[in-house]
Amino acid sequence: MSLLRTFSRISYRLPKISASNPLPRKALSATCTRFYASRPKTLKERIEELIPEKQEEIKFVKKEHGTKSMGNVTVDMIYGGMRGIKGLVWEGSVLDPEEGIEFRDLTIDECREKLPKAEGGKEPLPEGLFWLLLTGEVPTEEQVRALSADWAARSAIPSFVEELIDGCPNTLHPMSQFSLAVIALQHDSNFAKAYQSGVEKKSYWQYVYEDSMDLISKLPNIVGRIYRNVYKDGKVPSIDPNQDYSYNLAKVLGYDGDKDFVELLRLYLTIHSDHEGGNVSAHTTRLVSSALSDPYLSFSAALNGLAGPLHGLANQEVVRWIFQLRDSVGESPSDEVVKEYVWDTLKSGKVIPGYGHAVLRKTDPRYTAQRDFALKHLPNDPLFKLVSQLYTIVPDVLLEHGKTKNPWPNVDAHSGVLLQHFGLVEQNFYTVLFGVSRALGVLAQLIWDRALGFPIERPKSYPTEMIRKMFEEQK
Ligand SMILES: CC(C)(COP(=O)(O)OP(=O)(O)OC[C@H]1O[C@@H](n2cnc3c(N)ncnc32)[C@H](O)[C@@H]1OP(=O)(O)O)[C@@H](O)C(=O)NCCC(=O)NCCS
């Protein structure tokens, strides 16, 4: 068990804040998950209760530890994409190189077990995950149902945004259409209006909360419209106010008749939501919003980053690469033939999509969760078999190749093949689904950023010549 996990387990035993015990439960309380089952409160009410507690905790951490170092920054780190620099606070999740992601202190397996499910469903509802990310608490079924209803009630998009999407050529990548539509929603930003009217800083989070809830709610109608326009008949099925978010997402895409697909979306939206704060989509949201740009402008920036092939777009690249493999060597190639194909890709100077990770050093638990789903629902699917075969071959080849720090598969190595199985075969759309899920994680943190009054981000930069001189002068 990692040190991190040991810490978060200990946090269960820490005393609660009370009038007689005003000190926060040290820094560890950030990861404390409590099971909340008293009178049902709305998510907003619950966050409002938690804010003073978190503010006190941060005050305490800064007072006790504010001048202490979190580690060295080397020149290699600066040139290496800031890899390993500890420079961000992110409450919702933390990534351990060996254990993978924990949402608050729940692993993916624990989320699958503990978060509320739909009636007859086995996978967690992403509504529950959103509640967990924001509060550190597992919500009741009633609270989750209320969130589903709230999101369905907010789901309509303005007609000018519909027209904007309809006006896009089908050749414009779905991620670009997605980003464009999200920016257009900014027209109705509560936060932007409130800021202009001069509301006080401590109430910012409330407007950001409303914008975030609106934005998440409207995503199915946005991405459904893009999908139906680009690949189908342009008619978007309506949101069902009595159904959960994933069901409705499946519905607008035209797949609500398939219960297993709806279950896949519940799992998919849960596991792609958050991956601590340093990844491109999370960090862009934080950076842009730190200038007090509203959630629409901030999340649109995240989508632009997610659309890069080294980040979210890798899921479309994986399927493309597997199809090329299949086209060139057939559906049931021998291990030797697959190995040769992997080597050919590397020798041509390309990466093996879906393998490697900037932080993880083991198989991504998001990959494992999807593999588990596939073993249950599509064990004999030929593409799944190919994905499984690659899992037994690629890591050894990457190790022998000797460059990649982590030879194991990441989340993107698996997701596309599951979507293919259920008939959602349009690869250019895959990153859009990732984007819907990522909204849950980054917007949860954005609400906290404003509740805690985090300042504008402004790390220091230097030209290379100055860095060189800095050390030469020390000689
Ligand atoms: C995810 C990723 C961008 C992480 O990058 P990183 O932190 O710089 O990774 P590493 O430190 O292991 O990179 C060291 C070298 O190995 C290479 N490498 C990393 N993953 C590789 C892969 N899957 N195939 C081939 N080479 C890879 C890098 O390109 C780099 O080469 P360079 O020194 O010539 O620039 C990288 O592993 C990658 O490109 N993977 C494929 C794309 C992908 O699946 N993205 C989704 C991520 S969730």
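These numbers come from a predicted model, not from an experiment.

Peer 1: Please explain the site of the ligand as it appears in this structure.
Peer 2: In the neighbourhood of the ligand, 19 residues make up the surrounding shell, with Ile352, Gly354, Tyr355, Lys403 and Lys405 lying closest. Here Arg83 contributes a side-chain N or O atom positioned 3.0 Å from an oxygen atom of the ligand. In this structure, Lys405 approaches the ligand through a main-chain N or O atom, which is 2.7 Å from an oxygen atom. Here the ligand has 850 Å² of accessible area as a free molecule, and 74% of this is covered by the chains. Partitioning the shell around the ligand into residue classes produces 9 nonpolar, 6 polar and 4 charged.

Peer 1: Is there a simple way to think about the layout of surface pockets in this case?
Peer 2: Any empty space left between atoms is shown by rolling a water-sized probe over those atoms. If you add up the space inside the second largest pocket, you get close to 240 Å³. Residue lining of the second largest pocket: 15 residues in total, with Gly120, Gly121, Lys259, Glu263 and Arg266 positioned closest to the centre. Only helix H12 (259-271) and helix H17 (365-377) provide two or more residues apiece to the lining of the second largest pocket. Considering each element in turn, the lining of the second largest pocket owes the most residues, 5 residues, to H12.

Peer 1: I'm lost on the environment of Arg145 in this one. Help?
Peer 2: Checked against the element boundaries, Arg145 lands in helix H6 (residues 141-153). Apart from the residues within four sequence positions on either side, Arg145 is in contact with Lys117, Ala118, Glu119 and Leu125.

Peer 1: I'm lost on helix H5 (residues 126-135) in this one. Help?
Peer 2: Three- or four-residue spacings in an α-helix give side chains the same orientation, since the helix completes a turn every 3.6 residues. Among the 10 residues of H5, 10 are classified as buried, and the element is accordingly described as predominantly covered. Restricting attention to buried positions, one finds in H5 the residues Pro126, Glu127, Gly128, Leu129, Phe130, Trp131, Leu132, Leu133, Leu134 and Thr135. Phi turns positive, to about 80 degrees, at Gly136, one or two residues after H5.

Peer 1: Could you clarify how one ought to interpret the UniProt feature "active site" (unreviewed entry) in the chain in this entry?
Peer 2: As annotated by UniProt and renumbered to match this structure, "active site" (unreviewed entry) occupies His311, His357 and Asp412. A stretch of 102 residues holds the annotated residues, and the largest C-alpha distance among them is 10.7 Å, short enough that they meet in one place. For His311, the position within the fold is in the loop between helix H14 (295-306) and helix H15 (314-329). By relative accessible area, which is 15% here, His311 ends up buried. The contact partners of His311, leaving out residues within four places of it in the chain, are Asn279, Val280, Ser281, Gly305, Leu306, Asp412 and Arg438. Among the polar contacts made by the side chain of His311, one reaches the side chain of Ser281 at a distance of 2.9 Å. By secondary structure assignment, the location of His357 is in the loop between helix H16 (335-347) and H17.

Peer 1: Explain the packing of helix H8 (residues 174-185) against H14 here, please?
Peer 2: Helix-helix packing is characterised by the crossing angle of the two axes and by the distance between the axes. Across the interface, H8 lies against H14 with an axial gap of 8 Å and an inter-helix angle of 170 degrees. Regarding the angle of H8 to H14, the classification is roughly antiparallel. Between H8, through Met175, Phe178, Ser179, Val182, Ile183 and Leu185, and H14, the contact on the second element is made entirely by Tyr296, Leu297, Phe299, Ser300, Leu303, Asn304 and Leu306. Grouping the amino acids of the contact of H8 with H14 by side-chain chemistry returns 10 nonpolar, 3 polar and no charged.

Peer 1: Is there a simple way to think about the pattern of salt bridges in this case?
Peer 2: When the charged atoms of two side chains with opposite charge come close together, those side chains can pair. Taken as a whole and judged by the stated rule, the model has 26 salt bridges. Arg266 serves as the salt-bridge partner of Glu263, at 2.8 Å between the closest nitrogen and oxygen. With Glu263 and Arg266 both in helix H12 and 3 residues apart, this pair spans about one turn of that helix. With respect to class, Glu263 is no different from Arg266; both count as buried. Here Lys469 and Glu465 are joined by a salt bridge, their closest N and O atoms 3.0 Å apart. In this pair, Lys469 and Glu465 both sit in helix H21 (residues 464-472), 4 residues apart, roughly one turn of the helix. One network of salt bridges, in which partners are shared, links Lys44, Asp150, Arg154, Glu210 and Asp214.

Peer 1: In this structure, what is going on with the pairing of strand E3 (residues 100-103)? I would like to understand it.
Peer 2: With 4 bridges joining them, strand E2 (residues 93-96) and E3 adopt antiparallel strand pairing. When the sheet's bridge partners are listed, Val94 is paired in E3 with Glu102. Here E2 hands over to E3 after 3 residues, the two strands then running antiparallel side by side.

Peer 1: How should I be thinking about the nonpolar core in this particular structure?
Peer 2: Within soluble globular proteins, side chains that are nonpolar tend to cluster in buried spots. Of all hydrophobic cores here, the largest spans 118 residues; its most connected members are Phe130, Phe178, Phe299 and Leu424. Looking at this core element by element, the count peaks at 14 residues for helix H20 (residues 430-451). For Phe299, the contacting residues outside a window of four places in its chain are Phe178, Val182, Leu215, Leu219, Gly435, Arg438, Ala439, Val442 and Leu443.

Peer 1: Could you clarify how one ought to interpret a nonpolar patch on the surface in this entry?
Peer 2: Judged by side-chain polarity, Tyr462, Met466, Met470 and Phe471 come together as a nonpolar surface patch covering roughly 380 Å² of accessible area. With respect to the helices and strands, Phe471 occurs in helix H21. Look at Phe471 and you get partly exposed, because its relative accessible area is 41%.

Cut-offs used in this document
Residues numbered from 1 in each chain as written. Predicted model: local features only at pLDDT ≥ 70, side-chain atom pairs only at ≥ 80, totals over all residues. Heavy atoms only, no water. Near = heavy atom within 4 Å. Polar contact = N/O pair within 3.5 Å; in protein donor to acceptor, adjacent residues only side chain to side chain. Areas by Shrake-Rupley, 256 points an atom, 1.4 Å probe, with all protein chains shown as cover. Nonpolar A, V, L, I, M, F, W, Y, C, P; charged D, E, K, R; others polar. 1 Å grid on protein atoms, 1.4 Å probe; cavity = no way out; pocket = protein on both sides within 12 Å on 5 of 7 lines; lining within 4 Å. Points joined across faces, edges and corners; volume = space filled by probe spheres on them. Helix = DSSP H or I, 4+ residues; strand = E, 2+ residues; numbered from the N terminus. Contact = heavy atoms within 4.5 Å. Buried < 20%, exposed > 50% of the residue type's maximum accessible area, 1.4 Å probe, protein only. UniProt positions renumbered as here; feature names shortened; annotations may be inferred. Axes fitted to C-alpha atoms, helices over the stretch in contact; angles between N-to-C directions. Parallel < 35°, antiparallel > 145°, perpendicular 65-115°, else oblique. Salt bridge = Lys/Arg side-chain N within 4 Å of Asp/Glu carboxyl O. Pairing = 2+ DSSP bridges. Core = buried A, V, L, I, M, F, W, Y, C linked by side-chain atoms within 4.5 Å. Patch = residues over 30% accessible without salt bridge, like charges linked within 9 Å, V, L, I, M, F, W, Y side chains within 5 Å.

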